[in-house]
Amino acid sequence: MLVGVLVSVALVEGVARGGVVSTVLAVGLVPVLLVRRSAPLGAVGGAFGVCAVASVVVGRNFPDLNVMVYLVLLPFALFRWGSGREAGLGAVVMVGQVGLAVLLGYQRVADAGAGVLVLAAAMAVGAAVRYRSRARTRQLDQVRLLLARDLHDTVAHHVSAMAIRAQAGIAVAPSDPAAAVAALRVIEQEAGRALDEMRALVRVLRAGELPEMGPVGDLTSLTSTGHPTVDVRVVGDAAELPAPIAATVFRLAQEAVTNARRHARHATAIEVLAEITPTTIHLHITDDGDPPPARPPGLGLTGMLERATLLGGTCTAGPSPERGWTVTADLPRTGVAR
C-alpha cells in the first residue's frame, strides 16, 4: 500500500515539475522499501548508491523531488533491524553520498549539514525503537519466567500434599474409615488453598503487576501436623520485609517443603528456620529422611537457585552430614533484582 501511494505521488510530482530522470529515479527507488526490514543494508546501499551515480552521470544533485523524503525510512530501518556492522556501513554510505554532492558542487555545505542531521535523527529514532523493543522482550521473558516459577511452586506444593494424603487415605480406608475421611478433608483444604492462590495470581496479572509481587502466604502457613510434620520457626520480624524478599523467602521455603514431602524417603519431620536480621535473611530447611538418589536438578531446584540469585542472594541444596536433605538460602534484606 505504501509503495502504491508513493509511486502515484512521484508520478504526479514528476509530471508537474518536469524532469524524466527525477521521475524515473523517484519511482524506481520506491520498491526498495519492500526490503527495508529483511535487507536494510542492501536497501540503503542500493538507494543512496543509485542517487550518487545519478548525480555524477546527470550532473546535478539527487534526490531532487519532495516525494523522495521517503528515503528517511531507510536509515530508520537500518538502525531498527540491521546488525551493528550493517548500521556502521550504511551510515558511511549515506554520509558519503551527501559528501559527494558537496565535493561536486551540487549542494551547499549548510544544506548538506542539515541533510546529515535529518539522517542522524532517523538513525537515532531507529536505534531507540530497537532498544525499546528489546527491553520489552526481555521484560516479557522475565514475566513468563516468574509466572512459570509461581505456577510450579503453587501447584506442586498443594498437589503434592493432596497426593500424599490420598495415598494415606487409600492405605487406611479398609481398617480406619474415619482416617480416610480425615484425609479427604485435608485434600479438600489443600485444593481450596491452591484455587485461592491461583485466583490471587490471576488477579495480580490482570492488574498488570509482576507475578513476583503477587500476594503470598505467611511462612507459618506451611506448618503441618501430618506425615511428615512440618515445623516452622521464624526468628525476627518478618512483617517488615520488602514484598520481593518476602515472596522469595516464602516460595523458597514452600518449594523446599514440597520437595522434602515428595522425595525424602522415610521422613517423619521437616524443619523450617528463618532468621531475619537487619541486613540479611537466612533460611534453613531440613528433613530427617533418607536422601534421594543422585539425579540432575529439576525445575523446582533450578527455580529456587534463580529466585535467590535474582535478589543478590545464594541458595544451596544437598544431603545433610548425618541424615536427610538440607536447603540453605541467604538473601540480603534490601535485595535488588539483578
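Taking an unreviewed UniProt entry as the reference, the protein chain is identified by name as histidine kinase belonging to Actinokineospora globicatena. In the Catalytic activity (unreviewed entry) part of its UniProt record, the protein chain is described as follows: "ATP + protein L-histidine = ADP + protein N-phospho-L-histidine."

S.K.: So what about unusual backbone geometry? Which residues, and what values?
M.R.: For histidine 266, which is not glycine, the phi dihedral falls at a positive 60°. Within the secondary structure layout, histidine 266 lies in the loop between α8 (243-263) and β2 (269-276).

S.K.: So what about the UniProt feature "transmembrane region" (unreviewed entry) in the protein chain? Which residues, and what values?
M.R.: The UniProt feature table records "transmembrane region" (unreviewed entry) at residues 15-34, 41-59, 65-82, 89-106 and 112-131. In this annotation, residues 112-131 is assigned 100% helix and 0% strand; the end-to-end C-alpha distance for the span is 29 Å.

S.K.: Pulling in residues and values, what's your account of the nonpolar core?
M.R.: Judged by nonpolar contacts, the single largest core of 29 residues is most densely connected at Phe48, Met68, Tyr70, Leu71 and Leu74. Those elements that provide at least two residues to this core are α1 (2-17), α2 (20-28), α3 (40-58), α4 (73-81), α5 (84-103) and α6 (109-172). The element that contributes the greatest number of residues to this core is α3, accounting for six residues. Not counting residues within four places of it along the chain, the set of residues in contact with leucine 74 comprises Val32, Leu33, Arg36, Ala43, Val44, Ala47 and Phe48. Counting 27 residues, the second-largest nonpolar core is a separate cluster that includes Leu252, Ala253, Leu311 and Val327.

Calculation rules
Residues numbered from 1 in each chain as written. Predicted model: local features only at pLDDT ≥ 70, side-chain atom pairs only at ≥ 80, totals over all residues. Heavy atoms only, no water. UniProt positions renumbered as here; feature names shortened; annotations may be inferred. Helix = DSSP H or I, 4+ residues; strand = E, 2+ residues; numbered from the N terminus. Core = buried A, V, L, I, M, F, W, Y, C linked by side-chain atoms within 4.5 Å. Buried < 20%, exposed > 50% of the residue type's maximum accessible area, 1.4 Å probe, protein only. Contact = heavy atoms within 4.5 Å.

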